[in-house]
Amino acid sequence: MQDSGFVSPDEIRAHFSCAMSEMYQTEVPLYGALLELVAETNNELLHSSPSVRKHLTQTGEIQRLSMERHGAIRVGTVEELAAIRRLFAVMGMQPVGYYDLGPAGVPVHSTAFRAVHEDSLQASPFRVFTSLLRLELIDNPDLQRLAKSILAKRSIFTPGALALIARAERDGGLTKADAASFIREALETFRWHTHATVTANEYTKLHDQHRLIADVVAFKGPHINHLTPRTLDIDKVQAEMAARGMSPKAVVEGPPRRQCPILLRQTSFKALEEHVAFADQNGPEGRHTARFGEIEQRGAALTPKGRALYDRLLNAARAELGEAPTERNAVRYAALLVEQFEAFPDSLDEMRRQQLAYFRYFPTEQGLAARHVERASSLQALIDAGHVSYEPLVYEDFLPVSAAGIFQSNLGDNGNARCNSTGSQAELEAALGVPVLDEMKLYESSQARSIDLCMERCQPNSMITMHR
Ligand code: OOG
Ligand code: NI
């Protein structure tokens, strides 16, 4: 509780994330099984590898580990996106980054709503990958009109949620009782509805244009389509998935396995078939696939230089493969990735020296003990003297090529590629009503704060010469 009598947005987000997880476990029992598998694998690793445990304890990651990580939704109109932004703002989540999935043949562009300060991320790292359907890409004018008119009729929020969003904006926060109602009301927006808003015939038309269009347009709201726990060993979980009744996609998205994990590796199990009742049917006679399970392993956040190297190596591996990674070429693709990524230094020291990743710096016991004795020196000198240690900052965001791969594996590999058209960040921002934040700046600030703190604690009285 804050001094104002309001619950902090971090606390609302943490509770909301738990509520969402509980709801999704009832809706999709396999997600519960996935959570168990991930927790078991993480526990085993923490027991068998004291060094992993030590690093995760140093950064506080160990406390975040079992919390929910991310979910994804898809909205249909600019008005819905603008309103979703206001809803997430109540929970301290802001739009970070721009992801254009158009070039990969998926007719959406996206941002991720998440907390931005390291302390808030520590309190609850919950994030939601949010995509806006680009209806203008429907090349059939009648169908485009139909989709627009269906979307215009729906309201994706309960009146209670709308009132509480307005109250939080007006008063600057929510009281404990209001926060509890807000969580309950907000959850309704993301719930799965068996009853579609369209007839079976309309559904077929939308679906035949693109499965994604049917998923966004034919239902009452942006149902959460997956929730993703974070694993410390994605290859192990991937290998175990089949034994627990999940059918994993063939390719793990992102960089290859490394000593020092970077960015984000992800895999998912195929979307489940659901029963749907169309508007002209009496019971749930229809079928729709939308919701799936995903796991992720997070590594170091890369600087623009590191990211450029990552993009170059990933593109080179894909170019050499010569086609999209699929079940058939998965083994070759994995080998090509490993080969290409030999050019990416695999030690923290080298990644830091070459400024490929962002880091968080900590004063060591020795550094604190020497605080009144030693003269001012640079960060590097403090590191060399053993007064300061460092850990990579965790990547908190997403990757467009990986996201497209996850979409496609759930839409079927034959997901219509006619939509191959680039989106525009300015357009997404106009829809949001605010600019998206630049993730690089956020990592940069977080790193800078940790350096300032180290300098302050290791050399409180001296003139500081900082070398970031
Ligand atoms: C989102 C797919 C992308 C990720 O983690 O990159 C994604 C969606 O299917 O709506 O989940
Ligand atoms: Ni995801």
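As a starting point, this report considers the structure included with it. Here, residues in each chain are numbered from 1, in the same order as that chain's written sequence. Starting at A for chains and at 1 for ligands, labels are handed out in the order in which the entities are written. Owing to the predicted nature of the model, reporting of local features is limited to residues with pLDDT of at least 70; listing and counting of side-chain atom pairs is limited to 80 or more, with chain, interface and lining totals taken over all residues. Water and hydrogen atoms were dropped before computing side-chain values, which therefore reflect all heavy atoms in the structure.

1. Overview of the site of ligand 1
As a reminder, the rule being used: Only a single heavy atom is needed: when it lies within 4 Å of a molecule or strand, its residue is near that molecule or strand. Pairs of N or O atoms within 3.5 Å make up the polar contacts considered here, provided that, within protein, one atom can donate a hydrogen while the other can accept it, and that residues adjacent in sequence are counted only when both atoms are side-chain atoms. Gly is put with the polar residues, along with every residue not named as nonpolar or charged; the nonpolar set is Ala, Val, Leu, Ile, Met, Phe, Trp, Tyr, Cys and Pro, and the charged set is Asp, Glu, Lys and Arg.
As a matter of local geometry, ligand 1 sits amid 13 residues, with His70, Arg74, Asn225, His226 and Gln266 nearest to it. With respect to ligand 1, the side chain of histidine 226 contributes an N or O atom lying 2.8 Å from an oxygen atom. Contact distances for ligand 1 include 2.6 Å between an oxygen atom and a side-chain N or O atom of glutamine 266. Split by residue class, the shell around ligand 1 holds seven nonpolar, four polar and two charged.

2. A look at the coordination of the nickel ion (ligand 2)
What counts here: Atoms of type N, O and S within 2.8 Å of a metal are treated as its donors, and for Na, K and Ca the window is 3.2 Å; water is not considered, so some sites may appear to be missing partners. A run of H or I in DSSP becomes a helix once it reaches four residues, and a run of E becomes a strand once it reaches two; helices and strands are each numbered from the N terminus. Accessibility here uses a 1.4 Å probe with only protein chains present; expressed as a share of the type maximum, an area under 20% marks a residue as buried, one over 50% as exposed, and anything in between as partly exposed.
Every protein donor of the nickel ion (ligand 2) is accounted for by His70 (NE2), His226 (NE2) and Glu294 (OE), and the metal-donor separations fall at 2.1 Å. We note that the donor set of the nickel ion (ligand 2) lies within a single chain, spaced as H-x155-H-x67-E. Placement of histidine 70 in strand E1 (residues 70-75) and of glutamate 294 in strand E9 (residues 293-298) is noted, with a sequence separation of 224 residues between them. Judged by its relative accessible area of 2%, histidine 70 is buried. Accessibility expressed as a relative area gives 1% for glutamate 294, which makes it buried.

3. Structural notes on the layout of surface pockets
What counts here: The pocket and cavity definitions rest on a 1 Å grid over protein atoms only: a 1.4 Å probe that fits but cannot leave marks a cavity, an open set with protein on both sides within 12 Å along at least five of seven lines marks a pocket, and residues lining either have an atom within 4 Å of a point. Grid points are joined across faces, edges and corners, and a volume is the space filled by probe spheres set on the points.
Empty space within the largest pocket amounts to approximately 770 Å³. The leading source of residues in the lining of the largest pocket is helix H3 (residues 50-59), at five residues. In the lining of the largest pocket, the residues fall into 12 nonpolar, seven polar and eight charged.

4. A word on the pattern of salt bridges
In plain terms, the rule: Here, a salt bridge means any Lys or Arg side-chain nitrogen found within 4 Å of an Asp or Glu carboxyl oxygen.
Taken as a whole and judged by the stated rule, the model has 31 salt bridges. For glutamate 169, the salt bridge is made with arginine 86, and the minimal N-O distance between the two is 2.8 Å. Of this pair, glutamate 169 sits in helix H8 (residues 159-171) while arginine 86 is found in helix H5 (residues 78-90), placing the two residues 83 residues apart along the sequence. You can call glutamate 169 partly exposed: its relative accessible area is 44%. Put simply, aspartate 235 and arginine 265 hold a salt bridge, and the shortest N to O gap is 3.0 Å. Pair noted here: aspartate 235 is in helix H12 (residues 234-241) and arginine 265 is in strand E6 (residues 264-269), with a separation of 30 residues, a long-range link.

5. A look at the environment of isoleucine 295
Inclusion rule: Whether two residues are in contact is decided by their heavy atoms: any pair within 4.5 Å suffices.
Looking at the element boundaries, isoleucine 295 is found in strand E9. Residue isoleucine 295 is classed as buried on the basis of its relative accessible area, which comes to 0%. The spacing of isoleucine 295 and asparagine 329 is 34 residues in sequence and 22 Å in space, taken between C-alpha atoms. Contact partners of isoleucine 295, with chain neighbours within four places excluded, come to Leu34, Val38, Thr228, Pro229, Thr231, Ile234, Val237, Gln238, Met241, Arg265, Gln266 and Thr267.

6. Regarding the packing of aromatic side chains
Note the threshold: Centres within 6.5 Å are what make two rings of Phe, Tyr or Trp a pair, Trp counting through its six-membered ring; a difference in plane orientation under 30 degrees is then read as stacked, over 60 as edge-to-face, and the rest as tilted. Placement of a positive charge over a ring is assigned whenever Lys NZ or Arg CZ falls within 6 Å of the ring centre and within 35 degrees of the normal to the ring plane.
Counted by the stated rule, this structure contains 16 aromatic pairs. Plain terms: the ring middles of tyrosine 358 and tyrosine 443 are 5.7 Å apart, the flat faces sit at 25 degrees to each other, and that makes the pair stacked. On the criterion of sequence distance, the pair formed by tyrosine 358 in the loop between helix H15 (348-353) and strand E10 (359-363) and tyrosine 443 in helix H20 (residues 439-458) is long-range, its members being 85 residues apart. The rings of Phe16, Phe88, Phe113, Phe126 and Phe190 are connected pair by pair, giving a single aromatic cluster. Directly above the aromatic system of phenylalanine 398 lies the positively charged group of arginine 298, at a separation of 5.6 Å from the ring centroid.

7. As for the pairing of strand E8 (residues 286-289)
Using the following cut-off: Two strands pair if DSSP finds at least two bridges between them.
Across the two faces of E8 the burial differs, with Gly286 and His288 buried and Arg287 and Thr289 not buried at all. Direction of pairing for strand E7 (residues 273-276) relative to E8: antiparallel, over a ladder of four bridges. The residue bridging glutamate 273 from the neighbouring strand is threonine 289, located in E8.

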